[in-house]
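What follows is each chain in one-letter form.
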Amino acid sequence: MTGLRALAELVRAPAALTVPGDTLAGATAAGRPLGAGTAGLAAASVCLYWAGMALNDWADREVDAKERPGRPLPSGRVSPGTALGTAAVLTGAGLALAAAAGGRRQLGIAVPLAATVWAYDLAVKETPFGPAAMAAARGLDVLMGAGPDRWRGALPAALTIGCHTYMLTTVSRREVEGATAALPAAALAASTALALVTSALPVQGTELVHRAASTVLLAAYLAAGGPAQLAATARPDPPRLRRAVASGIHALIPLQAALTARAGSVRAALPLLAAFPLARRLSRKVSPT
């Protein structure tokens, strides 16, 4: 039988703490009331994220046997059939939760999101369009939080999260072979530019309070990912690139919190901040990459 530890590694379980912030950022940007529906959509997003991780390892099982033999499939702790079945079941659960939380119309966003996840893992990942596909998946995740009738209001937040994801995915493609210093340097420059652009987005609510909170959170975003990107620039070997990717995944949380605060809900951003140290601590047990 497959152990729970192996399944947790398969789906990168703790990394799911970086996912609900997409839903929250989208909901607050669109002015959607926060409640049980938002929580249900966040749960749907987590299921689809875990499905993507399981499918990723199933699709990469032959490559991982050479490059990362300790992963659950090449090590024999999870069978290929179990990985594929886990991906399918989690995808179905994600779609069902989305429909239960937001009605059938919510599937108009959830289905394209699930399709993008599967297309990325099975067909697009190794092509030049891989980073864009991953960015589109994260952007759609933000729009799912906004809902099918208010998604336009969440477009700036979706683009922000998508840009960060594009940069992060581009770096991750070189975390096994290594890269030149130009790649992590470009990632650091992109993160800085993204924080500056986000700081110029309109502020809702009490402008002084929400602008100040957002500025602090954007600084936390740079502090979360910047040092590892700088270290990788100094020596862009695989271990440092992997640390840069892991730090970038965790940096999503303060970025999501900054967008949430900027949309007028500092209180809603607080649970995201609580998730940040927990995600980093758990990543020492189960790698997010």
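Relevant structure appears above.
Residues numbered from 1 in each chain as written. Predicted model: local features only at pLDDT ≥ 70, side-chain atom pairs only at ≥ 80, totals over all residues. Heavy atoms only, no water.

## A look at the nonpolar core
Working step 1: With 54 residues, the main nonpolar core has M144 and Y221 as its most contacted residues.
Working step 2: In terms of residue count, helix 11 (residues 238-262) provides more of this core than any other element does, 12 residues in total.
Working step 3: In contact with M144, not counting residues within four places along its chain, are L41, A44, S45, A98, Q106, I109, A110 and L113.
Working step 4: A51, L73, A83 and A87 belong to the second largest nonpolar core, which has 12 residues in total. (Core = buried A, V, L, I, M, F, W, Y, C linked by side-chain atoms within 4.5 Å. Buried < 20%, exposed > 50% of the residue type's maximum accessible area, 1.4 Å probe, protein only. Helix = DSSP H or I, 4+ residues; strand = E, 2+ residues; numbered from the N terminus. Contact = heavy atoms within 4.5 Å.)

## Some points on the packing of helix 7 (residues 130-146) against helix 8 (residues 155-172)
Working step 1: Where helix 7 contacts helix 8, the axes come no closer than 7 Å and their chain directions differ by 150°. Taken together, the axes of helix 7 and helix 8 are roughly antiparallel relative to one another. Crossing hand, helix 7 versus helix 8: right-handed. In contact with P131, A132, M134, A135, R138, G139, V142 and L143 of helix 7, helix 8 contributes L155, A157, A158, I161, G162, T165, Y166, T169 and T170.
Working step 2: Residue composition of the contact of helix 7 with helix 8, grouped by class: 11 nonpolar, 5 polar and 1 charged. (Axes fitted to C-alpha atoms, helices over the stretch in contact; angles between N-to-C directions. Parallel < 35°, antiparallel > 145°, perpendicular 65-115°, else oblique. Left-handed = near helix turned anticlockwise from the far one by under 90°. Nonpolar A, V, L, I, M, F, W, Y, C, P; charged D, E, K, R; others polar.)

## Some remarks on the packing of helix 3 (residues 36-59) against helix 6 (residues 107-124)
Between two packed helices, the angle of one axis relative to the other and the distance separating the axes together describe the packing.
Working step 1: Look at helix 3 against helix 6: their axes get within 9 Å of each other, and the N-to-C directions meet at 20°. The pairing of helix 3 with helix 6 is recorded here as roughly parallel in orientation. At the point where helix 3 passes helix 6, the crossing takes the right-handed sense. Counting all contacts with helix 3, which are made through L48, G52, L55, N56, W58 and A59, the residues of helix 6 involved are A110, L113, A114, V117, W118, D121 and L122.

## Describing the packing of aromatic side chains
Working step 1: Considering all chains together, one arrives at 0 aromatic pairs under this definition.
Working step 2: Over the face of the ring belonging to W58 we find R61, whose NZ or CZ atom lies 4.5 Å from the ring centre. (Phe/Tyr/Trp six-rings, centres within 6.5 Å; stacked < 30°, edge-to-face > 60°. Lys NZ or Arg CZ within 6 Å of the ring centre and 35° of its normal.)

## A look at the pattern of salt bridges
Working step 1: As enumerated under the stated definition, the model contains 9 salt bridges in all.
Working step 2: Residue D22 pairs with R138 through a salt bridge whose shortest N-O separation is 2.6 Å. Linking D22 in helix 2 (residues 20-29) with R138 in helix 7, this pair joins segments that are 116 residues apart in sequence.
Working step 3: Look at D22 and you get buried, because its relative accessible area is 0%. (Salt bridge = Lys/Arg side-chain N within 4 Å of Asp/Glu carboxyl O.)

These values are about where atoms sit, not about what they do.
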